[in-house]
Amino acid sequence: MLVKILGSSAAEGWPAVFCACDVCRKARALGGKNIRTRASLLLNGAVKVDLPPDTLYHVHKYALDLSGLRHLFFTHTHEDHFAVSELQYWVEPFAYRDIAPLDIWGSPDATAMTRAFLRRMEVGKDDLSPFRLHSLNPFETAEADGIRVTPIIAHHKDNELCFNYIFEQAGRSFLYTCDSGWYQDPRTWGYLEGVRLDMLLCECTYGPASAPWNGHFGFGDVLRLRDKLRKLGAFSDGRVITTHFSHGCKALHEELESLFNPKGVEVGFDGMEIELA
Ligand SMILES: [Zn+2]
Ligand SMILES: [Zn+2]
Ligand SMILES: [Zn+2]
């Protein structure tokens, strides 16, 4: 499975849209891996995780051809992951190609919001035929283009069922913990006890700082999760990669690396590709 990190920032991007703080100024001046866009993954070029407002920029920056996109998985409906208005451009007269339906997956909350938007915008008319919406139940595995996808219950929004996902292909799997704080639902821990993960791709919104509220991770939480999963027998010595950074964490890419790398944790960046084989 080829995993590409299309975007590695938290909601506001980095440099943030309207920010003049020190780290945003430095990031603007340094460029490179300090430029982070809103979080999304692309798996094998055909399965996408989340639809951030920077999707068109990702298409241009990486020369992506998303006309062949087959599956879209939503983690939750915060705007930085759920720019659902982009879906109106899936159909004519905004897109011309042999249209295969796009399979859209998420929690019942996410699919209900997607359906309501598509109806309101009259995208796909009454039958929504350009799209197939699938509500997922936690811990029930779906299959998407040869990838097995299992949602687990994240801890992120009080009024919505939010998902983190485990992706698996050819016996290799990884957990994408974006977005979440420390898991509160015992069913999540119970499920994780029975899995074997080869990689952790962890959100680290607060960077080296500790999390001021339990809806996101700081670096300490990433280490704690790695240790806990090791204790559960769910993970051993695979790669641990961080993403979804906020400029509020105040550490630039190289500074993050100098803090994280000695602990065996990599710092993700926009455009990073990981071959899980
Ligand atoms: Zn987010
Ligand atoms: Zn800033
Ligand atoms: Zn969020």
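Residue indices follow the written sequence of each chain, beginning from 1 at its first position. Written order determines the labels here, with chains lettered from A and ligands numbered from 1. Totals for whole chains, interfaces and linings use every residue, but because this is a predicted model, local features are given only for residues with pLDDT of at least 70 and side-chain atom pairs only at 80 or more, for both listing and counting. Computation of side-chain values: all heavy atoms of the structure, hydrogens and water removed.

Notes on the layout of surface pockets
Using a grid of 1 Å spacing that covers the protein atoms alone, one calls a set of points a cavity when a 1.4 Å probe fits there but cannot get out, and a pocket when the set is open and has protein on both sides within 12 Å along at least five of seven lines; lining residues are those with an atom within 4 Å of a point. Grid points are joined across faces, edges and corners, and a volume is the space filled by probe spheres set on the points. Its volume calculated, the largest pocket comes out at about 420 Å³. Lining the largest pocket are 18 residues, with Val59, Leu66, Glu86, Tyr89 and Trp90 positioned closest to its centre. In terms of residue count, the dominant contributor to the lining of the largest pocket is helix 2 (residues 55–61) (3 residues). Put simply, DSSP marks the helices as runs of H or I at least four residues long and the strands as runs of E at least two long, and each gets a number from the N terminus on.

Some points on the coordination of the zinc ion (ligand 2)
Around the zinc ion (ligand 2), the donor atoms from the protein are Cys19 (SG), Cys21 (SG), Cys24 (SG) and His247 (ND1), and they sit 2.0 to 2.3 Å away. Coordinating donors are taken to be N, O and S atoms lying within 2.8 Å of the metal, or within 3.2 Å when the metal is Na, K or Ca; because water is excluded from the atom set, some sites may appear incomplete. Every geometry call rests on angle ranges, with four donors termed tetrahedral when all angles are between 85 and 135 degrees, four termed square planar and six termed octahedral when opposite donors are over 155 degrees apart and all others are between 65 and 115, and everything else termed irregular. Seen from the zinc ion (ligand 2), its 4 donor atoms lie at angles of 100 to 118 degrees, and the figure they make is tetrahedral. Here the donor residues for the zinc ion (ligand 2) map to a single chain with the spacing C-x1-C-x2-C-x222-H.

Observations regarding unusual backbone geometry
Cis rather than trans, the peptide bond between Trp14 and Pro15 has omega equal to 0 degrees. Mapped onto the elements, Pro15 comes out in the loop between strand 1 (2–7) and helix 1 (22–30). Residue Asp179 follows Cys178 across a cis peptide bond; omega there is 0 degrees. Locating Asp179 in the fold gives a position in the loop between strand 10 (172–177) and helix 4 (186–192). Phi at Asp50 takes a positive value of approximately 75 degrees, unusual for a residue other than glycine. As for its position among the elements, Asp50 is in the loop between strand 3 (47–49) and helix 2.

Some points on the coordination of the zinc ion (ligand 1)
In an ideal octahedron of six donors the angles at the metal are 90 or 180 degrees, and in an ideal tetrahedron of four donors they are 109.5 degrees. Within the first shell, the zinc ion (ligand 1) binds the protein through Asp80 (OD), His81 (NE2), Asp179 (OD) and His244 (NE2), at distances of 2.1 to 2.2 Å. Around the zinc ion (ligand 1), the 4 donor atoms are arranged such that angles at the metal cover 90 to 156 degrees; this shape is classified as irregular. Here the donor residues of the zinc ion (ligand 1) share one chain and are spaced in sequence as D-H-x97-D-x64-H. If you look at the zinc ion (ligand 1) and the zinc ion (ligand 3), they sit 3.6 Å from each other and are both ligated by Asp179.

Let's talk about the side chain of Gln88
Checked against the element boundaries, Gln88 lands in the loop between strand 4 (71–73) and strand 5 (102–106). The contact rule is simple, with two residues in contact once any of their heavy atoms fall within 4.5 Å. Beyond its immediate stretch of four places on either side in the chain, Gln88 contacts Phe94, Phe117, Met121 and Val123.

Observations concerning the packing of aromatic side chains
Any two rings among Phe, Tyr and Trp, with Trp reduced to its six-membered ring, count as a pair given centres within 6.5 Å; such a pair is stacked if its planes are under 30 degrees apart, edge-to-face if over 60, and tilted if neither. Counted under the stated rule, the structure contains 14 aromatic pairs. Taken together, a centroid distance of 5.7 Å and an interplanar angle of 40 degrees make the contact between Tyr165 and Phe167 tilted. Here Tyr165 and Phe167 have matching classes, each one buried. Ring pairing ties together the aromatic residues Phe73, Trp105, Phe163, Tyr165, Phe167 and Phe174, which thus form one cluster. In this structure, Lys33 is placed above the aromatic ring of Phe269, and the distance from its NZ or CZ to the ring centre is 4.3 Å. Look at NZ for Lys and CZ for Arg. If either is within 6 Å of the ring centre and within 35 degrees of the ring normal, a charge sits over the ring. It is Arg97 that lies over the ring of Trp90; its NZ or CZ is 4.1 Å from the centre. Any residue under 20% of the maximum accessible area for its type is buried, any over 50% is exposed, and the rest in between are partly exposed; the area is computed with a 1.4 Å probe on protein chains only.

Some remarks on the state of the cysteines
Cysteine sulfur atoms are paired as a disulfide whenever they come within 2.5 Å of each other. In this structure the tally under the stated criterion is 0 disulfides. No disulfide involves Cys162; its sulfur sits 11 Å from the nearest other cysteine sulfur, which is in Cys178. No disulfide involves Cys202; its nearest neighbouring cysteine sulfur is the one of Cys204, lying 8.1 Å away. Owing to a relative accessible area of 0%, Cys202 belongs among the buried residues under this scheme.

Functional significance is not addressed by these values, which are geometric in nature.
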